[in-house]
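Architecture and fold: a report
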Amino acid sequence: MTHFNTLDAIEEGAALGILSAADKVAATAQLVERQTRAITAVRELHRPEELDVTCSEDCEEREDDHPIVAKLTVCNHCYGLAIEVDDYYGENGIAREFRHPCPTIRAIDEAGA
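What comes next concerns the included structure. Note that residues are indexed from 1 along each chain, following the sequence as it is written. Restriction of local features to residues with pLDDT of at least 70 applies here, the model being predicted, together with a cutoff of 80 or more for giving and counting side-chain atom pairs; totals for whole chains, interfaces and linings are based on all residues. To obtain the side-chain values, all non-hydrogen atoms of the structure were included, while hydrogens and water were left out.

**What about the overall build of the protein?**
In DSSP terms, a helix is any run of H or I states spanning at least four residues, a strand is any run of E spanning at least two, and both are numbered starting from the N terminus. Counting its secondary structure elements, the protein contains four helices and two strands. If you list the helices and strands of the protein from N to C, you get α-α-β-β-α-α. Exposure is judged per residue with a 1.4 Å probe applied to protein chains only, and the accessible area is read against the type maximum: over 50% gives exposed, under 20% gives buried, and values in between give partly exposed. Within the protein, buried positions represent 17% of all 113 residues. In this analysis, two residues are considered to be in contact whenever any of their non-hydrogen atoms come within 4.5 Å of each other. Sequence-distant contacts in the protein: of pairs separated by 6 or more residues, those separated by 24 or more amount to 49%. Accessible area of the protein: about 8,700 Å², with a carbon and sulfur share of 53%. The accessible surface values rely on the Shrake-Rupley method and a 1.4 Å probe; as for residues, cover is taken only from the protein chains in view.

And the structure:
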């Protein structure tokens with residue numbers, strides 16, 4: 001399957017005279033609006049969630065034999081998927097890929113979007 005690039009199609013339509021300059025501007029603005037909505041939806045899906053976590057049994061930083069409770073920010077979606085796959089996920093620690101920002105949000109941020 002060939003990747004379809006909407007911006008390239010707009011540029012080609014303008015170069016071939018299919019789109020006027022005004023149509024090219026309008027089509028580009030519509031593309032930006034759609035992409036902005038898509039990025040907003042992905043960011044909402046991968047929003048941060050703060051969890052209360054406790055030290056594991058082998059934690060050296062114990063206070064009065066009670067585990068220390070700390071805050072950990074995870075990706076709501078990625079962490080939720082891990083829980084769906086394994087009900088006991090998180091009992092033995094939380095993998096870095098589920099911390100927020102997750103790889104999806106980092107990719108969006110690195111692209112400047």
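**Re the nonpolar core**
We call a set of buried residues a nonpolar core when its members are Ala, Val, Leu, Ile, Met, Phe, Trp, Tyr or Cys and they connect through side-chain atoms within 4.5 Å of each other. In this structure, V74, Y79, Y89, I94 and F98 are the most contacted members of the largest nonpolar core, which totals 13 residues. For Y89, the contacting residues outside a window of four places in its chain are Y79, A82, I83, I94, A95 and F98.

**Concerning the pattern of salt bridges**
Note on definitions: salt bridges are taken to be side-chain nitrogens of Lys or Arg within 4 Å of carboxyl oxygens of Asp or Glu. Taken as a whole and assessed by the stated rule, the structure comprises five salt bridges. For R37, the salt bridge goes to E33, with nearest N and O atoms at 2.8 Å. With a gap of four residues between them, R37 and E33 both fall in helix α2 (residues 21-45), about one helical turn apart. The exposure class of R37 is partly exposed, given its relative accessible area of 48%. Relative accessible area serves as the criterion here: at 47%, E33 is assigned to the partly exposed category. D109 serves as the salt-bridge partner of R43, at 2.5 Å between the closest nitrogen and oxygen. Of the two residues, R43 is situated in helix α2 and D109 in helix α4 (residues 103-110); the sequence distance between them amounts to 66 residues.

**Regarding helix α3 (residues 76-85)**
An α-helical segment advances 3.6 residues per turn. Residues three or four places apart therefore align on the same side. Taken together, the buried positions of α3 are occupied by C78, Y79 and A82. Considered in projection along α3, the buried side chains sweep an arc of 95° and stay on one side of the axis. Among the structural elements, β1 (48-54) and β2 (69-75) are those in contact with the buried residues of α3. Summarising the geometry, the arc corresponds to the directions from the helix axis toward the C-beta atoms.

Any functional reading would require information that these geometric values do not contain.
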